[in-house]
Amino acid sequence: MTHHDLTLIERLAGVAPGSPVGRAFRARPEARAQSERSYQLLLFPEVAGPVSLLERRAVAAFVAALQDEPETRAHFLALLRQTDPALAPLARLIAHEADGSAHPGPYGAFPEGPLSAESLDGPVYVVDDATRLELGERLSAALEHAHLLALHPRDAGPEALEALLRAGWTRDGIVVLTQVIGLVSFQVRVVAGLRSYLAARQASLLAAE
C-alpha cells in the first residue's frame, strides 16, 4: 500500500498503512470511502455549480483554521493557495480571520429543561467593514455562517439562512456550503482523535520499553 492509497484523513492523521489503526479504519470500508468521496466531490468538483471552487476552498480553509488541529489547518490553507497562486493573500486573510475568531466552543442555548444548564454563551463572529470590502458580501456571509455552524450549532436558525440569501446565496448554494462546513468539521474531529490516540499509544509503548 502506498501513500497515494490512503485517504485524506489517514494521511493527515499519520496512520501508517498496515498498522493496527490502519486496519481498524479500513474495517469500515463504506464510511471510509464515503468520507473520501465527499471530499473529492466538494473540494474538487467537475462542475462548481452554485458555489465556486474558490468559495468552497476558502470556507473549508476557514473552518479548518478555526479548529486546534494543525494538520487539517495546513492542508486546507494550502489547498486554497493551490487554487490560484494569486490567492496567497486571501489565504493569509482567511487564516487571520479564523485566528481572531477561534474559541473553544461549541456555544449555544438549549431549550428550557434538563440540558439548559449546559447552555454556554460565546462570541459571535461578524466580518468587519474593511475585511468585508476585501472578501465581498457573499464570501463574508459564508464565513459568518461557517463560524455559526462550527462553533454555535445550536444557535443556527432561519435568520442565518436569510442572511445568506440577502448576500446573494441561492438555496442550492446554501446546501453545498453546509455540506462543505460539515465535511471539514467531521474531518477535523476524526484527524484530531486519531492523532491523539496514536500519540498516546506511542507514549505507552515507549514507557513499556
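Residues numbered from 1 in each chain as written. Predicted model: local features only at pLDDT ≥ 70, side-chain atom pairs only at ≥ 80, totals over all residues. Heavy atoms only, no water.

Enquirer: Describe the pattern of salt bridges, and please don't skip the residues or the numbers.
Expert: One pass over the full model with this rule turns up 7 salt bridges. Between Glu71 and Arg195 there is a salt bridge; the shortest N-O distance is 4.0 Å. Of this pair, Glu71 sits in helix H5 (residues 70–83) while Arg195 sits in helix H10 (residues 171–208), and the two are 124 residues apart along the sequence. Judged by relative accessible area, Glu71 falls into the partly exposed class, the value being 32%. (Salt bridge = Lys/Arg side-chain N within 4 Å of Asp/Glu carboxyl O. Helix = DSSP H or I, 4+ residues; strand = E, 2+ residues; numbered from the N terminus. Buried < 20%, exposed > 50% of the residue type's maximum accessible area, 1.4 Å probe, protein only.)

Enquirer: I'd love a proper account of the packing of helix H8 (residues 137–151) against helix H9 (residues 158–166), names of residues and values included.
Expert: Two elements in contact, H8 and H9, have axes whose closest approach is 9 Å; the angle formed by their N-to-C orientations is 160 degrees. Relative to H9, the element H8 is oriented roughly antiparallel. Judged by the twist between their axes, the crossing of H8 over H9 is left-handed. Of the residues in H9, those touching H8 at Ala141, Ala142, His145 and Leu148 are Ala160, Leu161, Ala163 and Leu164. (Axes fitted to C-alpha atoms, helices over the stretch in contact; angles between N-to-C directions. Parallel < 35°, antiparallel > 145°, perpendicular 65-115°, else oblique. Left-handed = near helix turned anticlockwise from the far one by under 90°. Contact = heavy atoms within 4.5 Å.)

Enquirer: Mind laying out the environment of Val188, listing which residues take part and the relevant values?
Expert: Within the secondary structure, Val188 is located in helix H10. Considering only alpha carbons, one finds Val188 and Val63, 125 residues apart in sequence, at a separation of 9.0 Å.

Enquirer: Residues and numbers for the packing of aromatic side chains, please.
Expert: Applying the stated criterion across every chain yields a total of 3 aromatic pairs. With a centroid separation of 6.2 Å and 80 degrees between ring planes, the pair formed by Tyr39 and Phe76 is classed as edge-to-face. Placement of the pair is Tyr39 in helix H3 (residues 29–43) and Phe76 in helix H5, with a sequence separation of 37 residues. For the pair shown, Tyr39 and Phe76 are each scored as buried. Above the plane of the ring of Phe44 lies Arg57, whose end atom (NZ or CZ) is 4.7 Å from the centre. (Phe/Tyr/Trp six-rings, centres within 6.5 Å; stacked < 30°, edge-to-face > 60°. Lys NZ or Arg CZ within 6 Å of the ring centre and 35° of its normal.)

Enquirer: Which residues make up the nonpolar core, and what values go with them?
Expert: Residues Val59, Phe76 and Ile94 are the most contacted members of the largest nonpolar core, which totals 55 residues. When contributions to this core are tallied by element, the ones reaching two or more residues are helix H1 (8–13), helix H2 (20–26), H3, helix H4 (53–66), H5, helix H6 (88–101), H8 and H10. Examining the composition of this core, we find that 11 residues originate from one element, H10, more than from any other. Residues in contact with Val59, not counting those within four places in the same chain, are Leu139, Ala142, Leu143, Ala146, Leu177, Val180 and Ile181. (Core = buried A, V, L, I, M, F, W, Y, C linked by side-chain atoms within 4.5 Å.)

Enquirer: Hey, could you go over the packing of H5 against H6 for me, with residue numbers and the actual values?
Expert: Packing of H5 against H6 leaves a shortest axis separation of 8 Å and a crossing angle of 150 degrees. Crossing hand, H5 versus H6: right-handed. Packed against H5, whose contacting residues are Arg73, Leu77, Leu80 and Arg81, the element H6 presents Ala88, Leu90, Ala91, Ile94, Ala95 and Asp99 at the interface.

Enquirer: Tell me about the environment of Arg195, and please be specific about residues and values.
Expert: For Arg195, a relative accessible area of 31% gives the class partly exposed. Between the alpha carbons of Arg195 and Ala13 there is a distance of 5.3 Å; along the sequence they are 182 residues apart. Excluding residues that lie within four positions of it along the chain, Arg195 makes contacts with Leu12, Ala13, Gly14, Glu69 and Glu71.

These values are about where atoms sit, not about what they do.
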